[in-house]
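Residues per chain are reported as follows:
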Amino acid sequence: MARKKKPVLRLTLFFIAVVIASGSILAYLSINNISNLKELTEKRIQEEQKNLALTLSDHFEEEITDLAEKFSDYWDRHNIGLSNGMMLMDTFVLIEQVFLLDDYGKFIWPWFIDGFENRNIRKSPARFHTNFDQGERAEFIEKDLSKANSKYLSALRASTNNLDSVQSLNALARLSVKKEDGKQAFIYYSSIISEFPGICDSHGFPYVYYAIPQLIKISNQANWNRILQEIWGCLISIDTGKIPLNLTTRDILEQISHWIETEPTPHEKSPELAQIIERIGNRLSFIARNRDVIRAYLQDGNRDELSLINDSYHALNGNSQDRDELILIKLDGDSASGFSIAFQKLWSRILEQELNEDAEFEYEFKPQKEVNGMNNSVSPLTTSSEISPYFPGYQVLIELKNERLIDEFVKRRSWIYGIALTLLLGGMVLGILLILRDISREEHLSRLRADFISNVTHELKTPLTSIQLFAESIVLNRIKTAAHRKEYLQIILKETESLKRMINNILDFSRQEKGKQQYNFEEVNVTLLLNEAILDLEYWLVEKKFILVKEIEEHVTTMADRGAIKQVIINLLNNAIKFSMNRKEITVRLKKENEMVMIQVADKGIGIPEDQREMIFQPFYRVGQKKAEDISGTGLGLSVVKEIVKAHQGTIQVDSQLDKGSTFTILLKSTQENSA
């Protein structure tokens, strides 16, 4: 046996060593990972921020490219011209300003006059010039307003083109204001606004711009609404491009705004007027910022260094210091067209997209402008990157919405790793303990099997020796009387039955271990069965001088395997006989209790220690008492009893006290209960 244990022990120790080594490596890696978790988390955050910065830049480029493609297609399909610039801006909400220029770099949309333009110059008749010059002399030198009025009317009658007519009307309106004839002045200025909205003087100044301040000047409570209607019409014409813009348009707008604001009772059209004024002001601002940049582009023959978008549009940065405007422009024959994109509008559109969708953490995106060519300082968990090459003045700051999330994340992961490590170590320890327990159990079972073989050998040898001895005596005619011969034959028969019971126990245990034990259930009269079992052991009860007390009810029945239940009773009685030494008294009880059949075998033998009462039903187990050392047995009897009772859906209980005996109680379902 010693030689067989060594390989098993060495293999077990090797396995335990491998488990401990593997667990130690995993524990070291886990502890190291926990200690570096914050640093690793910060690196992962920085990596995510860099990826988000690239994603943001890609979104900017995609939006700009997509807008250029759609704008070009819309422009070509709808044949966009002077009056449709507003429609484009309403269609494409990202567009800040649409523009169209001629080959001289002059703005067609928005219509802007920068200095003298000869488009309104017409040849005037001499009579017009004579009358108009005499009118001006009378007005400004002679101070004769009546004569001046007469001459201007003559000039109006002599005019043959719009420029002469509007020039005469403007002079007449001016005289009416001087004469404080507001009613007549209103009539003249209304004619200028309605009939000659786009006519300019030799300096590129629309005559409407002369009318607006004068109308504001003559306004009063009586004519305020009528003058408002005229100014409203002027603003609509300016907004739709019928009246050109120039360097003085902003002053006109400011005068109108101030006039509206000073009115005690706000007019219902005041909000809409304010929107139109703001829209016109934005166009003026766009032209003021970018006309030099656009004209320089048109005059520059080498445009290869400029970014080309959608194979059509060149990208220009606005001439503002903030560089918060992108201009896309393309040449189309003798004209140039394009549009501008404001950074803030595009930024708001990008932020509407789910940039954080695939990120592990939640971030905030903040635009930041470079200051004197230097980036503002940022924290270690904030990434600063150029938003887009189209907006070189802007950086994006990507930072965590809540930096405390890192500590919470690290703490949470540390707990997870800590619990996992604890479970790992606990599992290792438990595994080693289970291995050692299994080894101990296996060694114990090996000893029990060895003891079983020894006991079986002894158990078989003893009755076989008796059978051989008495059989030889009979064969050799050593028996002198018939009474002795019968006695010897009875002994041989009883020893044979003892051998049979022992072999049955071994066979039943083997079948139970393999799961092949089968039972034939039928209605059994337990009263008769119990008496038969007692009768089978009567020889030994008498031989060993036992007192048997029977408390057996009549006609007690149950559904059971007759042979199996009889084997249970015989095994219990046999144990009672073997383990009773000084007080040889056995009590057998059978009765029906609460739809249950109770079979009870009680002895007054050596008893069972309390800590071994559950183990006596284990295979090969024998009570570890000094008094039981010389008692023969296989250690299978009670194991077979328990399995049979369990197969009958019954229970077995044991109550025992040392040196006072043991009581085994079996409960089975009665016939009525089984039938139910």
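In this text the structure is predicted, and so the values were computed from the model without any measurement. (Residues numbered from 1 in each chain as written. Predicted model: local features only at pLDDT ≥ 70, side-chain atom pairs only at ≥ 80, totals over all residues. Heavy atoms only, no water.)

Caption draft 1: Local environment of the overall build of the protein chain. Scanning the protein chain from N- to C-terminus turns up 19 helices and 16 strands. Burial analysis of the protein chain (676 residues in total) assigns 43% to the buried set. For the protein chain, long-range pairs separated by at least 24 residues make up 69% of all intrachain contacts whose partners lie at least 6 apart in sequence. On the protein chain, roughly 37,600 Å² of surface is accessible, and the fraction owed to carbon and sulfur atoms is 51%. (Helix = DSSP H or I, 4+ residues; strand = E, 2+ residues; numbered from the N terminus. Buried < 20%, exposed > 50% of the residue type's maximum accessible area, 1.4 Å probe, protein only. Contact = heavy atoms within 4.5 Å. Areas by Shrake-Rupley, 256 points an atom, 1.4 Å probe, with all protein chains shown as cover.)

Caption draft 2: Structural view of unusual backbone geometry. Between Trp109 and Pro110 the backbone carries a cis peptide bond, its omega angle lying at -10 degrees. Structurally, Pro110 can be placed in the loop between strand S2 (107–109) and helix H4 (126–140). Phi at Asp311 is positive, roughly 60 degrees, even though this residue is not glycine. Tracing the chain through its elements places Asp311 in the loop between strand S3 (308–309) and strand S4 (313–317). A positive phi angle, close to 55 degrees, is found at Gln649, a residue other than glycine.

Caption draft 3: Geometry of the pattern of salt bridges. Under the counting rule described, the total for this entry stands at 20 salt bridges. In this structure, Arg589 engages Glu551 in a salt bridge whose closest nitrogen and oxygen atoms are separated by 2.9 Å. Remark: Glu551 occurs in strand S11 (residues 547–552) and Arg589 occurs in strand S13 (residues 585–593); sequence separation between them is 38 residues. Each of the salt bridges in this network shares a partner with another, and the network as a whole consists of Glu532, Asp536, Arg562 and Lys566. (Salt bridge = Lys/Arg side-chain N within 4 Å of Asp/Glu carboxyl O.)

Caption draft 4: Structural detail: the confidence of the model for the protein chain. Taken as a whole, the protein chain shows an average pLDDT of 80; of its residues, 78% reach a score of 70 or greater. Here residues 1–5 scores under 50 on pLDDT; set against residues more than four positions off or in separate chains, the count is 0 contacts. (pLDDT = per-residue confidence, 0-100.)

Caption draft 5: Quick peek at the side chain of Glu325. Mapped onto the elements of the fold, Glu325 is located in strand S5 (residues 325–332). A relative accessible area of 3% places Glu325 in the buried class. A polar atom in the side chain of Glu325 sits 2.9 Å from the side chain of Arg289. Within the structure, Glu325 has its side chain in polar contact with the side chain of Ser340 (distance 3.4 Å). (Polar contact = N/O pair within 3.5 Å; in protein donor to acceptor, adjacent residues only side chain to side chain.)

Caption draft 6: Molecular detail of the sheet that holds strand S7 (residues 363–369). The 3 strands are arranged S7-S9-S8 in an open sheet whose pairing can be described as antiparallel. In this open sheet, the two strands that pair with only one neighbour each are S7 and strand S8 (382–386). Between one strand and the next, the sheet's axes are offset by a mean angle of 25 degrees, whatever the strand orientation. Judged from the 5 bridges that link them, S8 and strand S9 (residues 394–400) form a sheet pairing that is antiparallel. If you follow Glu386 over to S9, its bridge partner there is Gln395. (Pairing = 2+ DSSP bridges. Axes fitted to C-alpha atoms, helices over the stretch in contact; angles between N-to-C directions.)

Caption draft 7: Fine view of the pairing of strand S16 (residues 661–669). Across 7 bridges, the pairing between strand S14 (residues 596–603) and S16 is antiparallel. The partner of Val597 across the bridge, within S16, is Leu668. Pairing of strand S15 (residues 651–657) with S16 involves 7 bridges; the strand directions are antiparallel. What sits directly across from Asp655, in S16, is Thr663. In sequence, S15 turns back onto S16 through a hairpin of 3 residues, with Asp659 there showing a positive phi of about 65 degrees.

Caption draft 8: Structural detail: the environment of Lys642. Tracing the sequence through the fold places Lys642 in helix H18 (residues 637–647). In this structure Lys642 comes out as partly exposed when scored by relative accessible area, which is 36%. On a C-alpha basis, the gap between Lys642 and Gln653 in space is 9.6 Å, while along the polypeptide they are 11 residues apart. Not counting residues within four places of it along the chain, the set of residues in contact with Lys642 comprises Phe617 and Ile652.

Caption draft 9: Representation of the packing of aromatic side chains within the structure. Across all of its chains, the model carries 17 aromatic pairs by this definition. Taken together, a centroid distance of 4.4 Å and an interplanar angle of 45 degrees make the contact between Phe71 and Phe339 tilted. You can see Phe71 sitting in helix H2 (residues 37–78) and its partner Phe339 sitting in strand S6 (residues 335–342), a full 268 residues away along the chain. You'll find Phe71 and Phe339 in the same group, each marked buried. Ring centres 4.8 Å apart and planes at 35 degrees place the aromatic pair Trp224 and Trp259 in the tilted group. With Trp224 in helix H9 (residues 224–239) and Trp259 in helix H10 (residues 249–261), this residue pair connects regions lying 35 residues apart in the sequence. As far as burial versus exposure is concerned, Trp224 and Trp259 are alike and both buried. Lying across the ring of Phe186, Arg226 places its NZ or CZ 4.8 Å from the centre. (Phe/Tyr/Trp six-rings, centres within 6.5 Å; stacked < 30°, edge-to-face > 60°. Lys NZ or Arg CZ within 6 Å of the ring centre and 35° of its normal.)

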